[in-house]
Amino acid sequence: MMQFTYESYAVMLRNLRDKGYQFRNYGNWQEADRTVILRHDVDNSLQKAVHLSTVEKTICPEGAHATYFVLVSTNFYNIHSKSSRECIHKIMQNGGNIGLHFDETQYAISDEQEMKQYVHDEAVILSDLIGQKVDVVSMHRPSEKFLCSNISFSGIINSYEETYFQKMKYVSDSRRHWRENVEEIIESAIYPRLHILTHPFWYREGQEWNLHDTLQEAILTASLDYYDNLNENFRDLEGEIARSEIERRKV
Ligand SMILES: [Zn+2]
């Protein structure tokens, strides 16, 4: 079974290429006989997304054309901060596309029209930030209501449109669990169209960790990031509370 490591992800990309899959995005997946769309939902960490895009750049210097779906409304990162903008820029430099990841729970949405408006507004914000038009959206934990609606947005591709599920073989690592064996699916090469969703959050350098340790690492790293941000805004933080006090909680 595929491991949640960068090495394993690199092996997957190589296997895709060896089996003749061409890397395409949501707009041009029909342009070759055998294509794959790589989708990444950036739910928690832009840094981790950068890392995955670096793996793609290394394995596919010609471009993996993966789409990184970025949240505009989230408590986990602020797309307008300098470090976030640098991450997004790096992803694009590595050949990635930027899509909008939309979290409908951030708003009180009563009907389809309102939903379209919020998606449009967030797409405009993200487009302004990256300096090019964001033309694809994916939903963060979509409601049953949304999934049933097969809603279409003007000027922006909905990655949940039936076509991406009915005309493509869709596999995902949601909740850090591949419901189907993605390596076998690629190896068999029986599907001419693949749509693969991965969450950069789960992948790491070196050995695979179990779910508990992966979550713990993320939570503790976030508290260290908080410390470092505070340190830039608070004189003599170290004199009040030492970084090592936070650090030693890490495994
Ligand atoms: Zn998500």
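Right above here is the structure, for reference.
Residues numbered from 1 in each chain as written. Predicted model: local features only at pLDDT ≥ 70, side-chain atom pairs only at ≥ 80, totals over all residues. Heavy atoms only, no water.

1. Section: the overall build of the chain
When its secondary structure is counted, the chain shows ten helices and eight strands. A compact globule built from 251 residues would reach a C-alpha radius of gyration of about 18 Å, and the chain, at 19 Å, matches this within 12%. Here the chain, with 251 residues, has 45% of them falling under the buried criterion. For the chain, restricting intrachain contacts to residue pairs at least 6 apart in sequence, the fraction spanning at least 24 positions comes to 67%. Within the structure as shown, the chain displays about 13400 Å² of accessible surface, and the carbon and sulfur contribution to it stands at 47%. Taken as two groups, the 27 positive and 38 negative side-chain charges of the chain have centres that lie 3 Å from each other. (Helix = DSSP H or I, 4+ residues; strand = E, 2+ residues; numbered from the N terminus. Rg over C-alpha atoms; globule rule 2.2 N^0.38 Å. Buried < 20%, exposed > 50% of the residue type's maximum accessible area, 1.4 Å probe, protein only. Contact = heavy atoms within 4.5 Å. Areas by Shrake-Rupley, 256 points an atom, 1.4 Å probe, with all protein chains shown as cover. Lys, Arg positive; Asp, Glu negative; His and termini not counted. Charge placed at Lys NZ, Arg CZ, Asp CG, Glu CD.)

2. Topic: the nonpolar core
If you look at the biggest cluster of nonpolar residues, it comprises 58 residues, and the most contacted ones within it are Leu16, Leu38 and Ile196. If near-sequence neighbours (up to four positions away) are discounted, leucine 38 is found in contact with Tyr9, Met12, Leu13, Leu16, Phe23, Arg24, Glu56, Ala64, Ala66, Thr67 and Ile196. Counting seven residues, the second largest nonpolar core, distinct from the first, contains Tyr26, Trp29, Phe69 and Val136. (Core = buried A, V, L, I, M, F, W, Y, C linked by side-chain atoms within 4.5 Å.)

3. Quick notes on the environment of arginine 39
Here arginine 39 is to be found in strand 2 (residues 35-42). Exposure remark for arginine 39: the relative accessible area of 0% places this residue in the buried category. Each C-alpha atom, one on arginine 39 and one on tyrosine 191, is 17 Å from the other, the two residues being 152 residues apart in sequence. Contacts of arginine 39, omitting those with residues within four sequence positions, involve Tyr26, Thr67, Phe69, Ser138, Met139, Ser159, Tyr160, Tyr170, His195, Ile196, Leu197 and Thr198. Among the polar contacts made by the side chain of arginine 39, one reaches the side chain of aspartate 41 at a distance of 2.7 Å. (Polar contact = N/O pair within 3.5 Å; in protein donor to acceptor, adjacent residues only side chain to side chain.)

4. A look at the packing of helix 2 (residues 46-59) against helix 3 (residues 82-93)
One way to put it is that helix 2 packs onto helix 3 with a least axis distance of 9 Å and a crossing angle of 15°. Of the possible angle classes, the one that applies to helix 2 and helix 3 is roughly parallel. Like other packed secondary-structure pairs, helix 2 and helix 3 cross with a definite hand, here left-handed. Taken together, the residues of helix 3 that come into contact with helix 2 (itself represented by Leu46, Gln47, Ala49, Val50, Ser53 and Lys57) are Ser84, Cys87, Ile88, Lys90, Ile91 and Gln93. In the contact of helix 2 with helix 3, the residues fall into six nonpolar, four polar and two charged. (Axes fitted to C-alpha atoms, helices over the stretch in contact; angles between N-to-C directions. Parallel < 35°, antiparallel > 145°, perpendicular 65-115°, else oblique. Left-handed = near helix turned anticlockwise from the far one by under 90°. Nonpolar A, V, L, I, M, F, W, Y, C, P; charged D, E, K, R; others polar.)

5. A word on helix 3
Residues spaced three or four apart along an α-helix point in a common direction, a consequence of the helix completing one turn every 3.6 residues. With twelve residues, helix 3 should cover 16 Å at 1.5 Å per step; its first-to-last C-alpha distance of 16 Å lies within 8% of that length. Along helix 3, the residues classified as buried are Ser84, Cys87, Ile88 and Ile91. Down the axis of helix 3, the buried set is contained in an arc of 95°. They therefore lie on one face. Buried residues in helix 3 make contact with helix 2, strand 3 (67-71), strand 4 (97-102) and helix 4 (112-130). Positive backbone phi, approximately 95°, marks glycine 95, located one or two places after helix 3. (Expected span 1.5 Å × (residues − 1). Arc of directions from axis to C-beta.)

6. A look at the coordination of the zinc ion
Around the zinc ion, the protein supplies Asp43 (OD), His101 (NE2) and His140 (ND1) as donor atoms, at distances of 2.1 Å. Ordering the donors of the zinc ion by residue number gives the pattern D-x57-H-x38-H. Of this pair, histidine 101 sits in strand 4 while histidine 140 sits in the loop between strand 5 (136-139) and helix 5 (144-149); the two residues are 39 residues apart in sequence, bridging distant segments of the chain. Just as histidine 101 is buried, histidine 140 falls in that class too. (Donors = N, O, S within 2.8 Å, 3.2 Å for Na, K, Ca; no water.)

7. Remarks on a negative patch on the surface
Judged by side-chain charge, Asp236, Glu238, Glu240 and Glu245 come together as a negatively charged surface patch. Within the fold, glutamate 245 resides in helix 10 (residues 243-247). Glutamate 245 gets classed as partly exposed once you look at its relative accessible area, which sits at 32%. (Patch = residues over 30% accessible without salt bridge, like charges linked within 9 Å, V, L, I, M, F, W, Y side chains within 5 Å. Salt bridge = Lys/Arg side-chain N within 4 Å of Asp/Glu carboxyl O.)

8. Some details on the pattern of salt bridges
Applying the stated criterion to the full structure yields six salt bridges. In this structure, lysine 169 and glutamate 180 form a salt bridge, with 2.8 Å as the shortest nitrogen-oxygen distance. Placement of lysine 169 in strand 7 (residues 169-172) and of glutamate 180 in the loop between strand 7 and helix 7 (182-188) is noted, with a sequence separation of eleven residues between them. The exposure class assigned to lysine 169 is buried, which follows from its relative accessible area of 15%.

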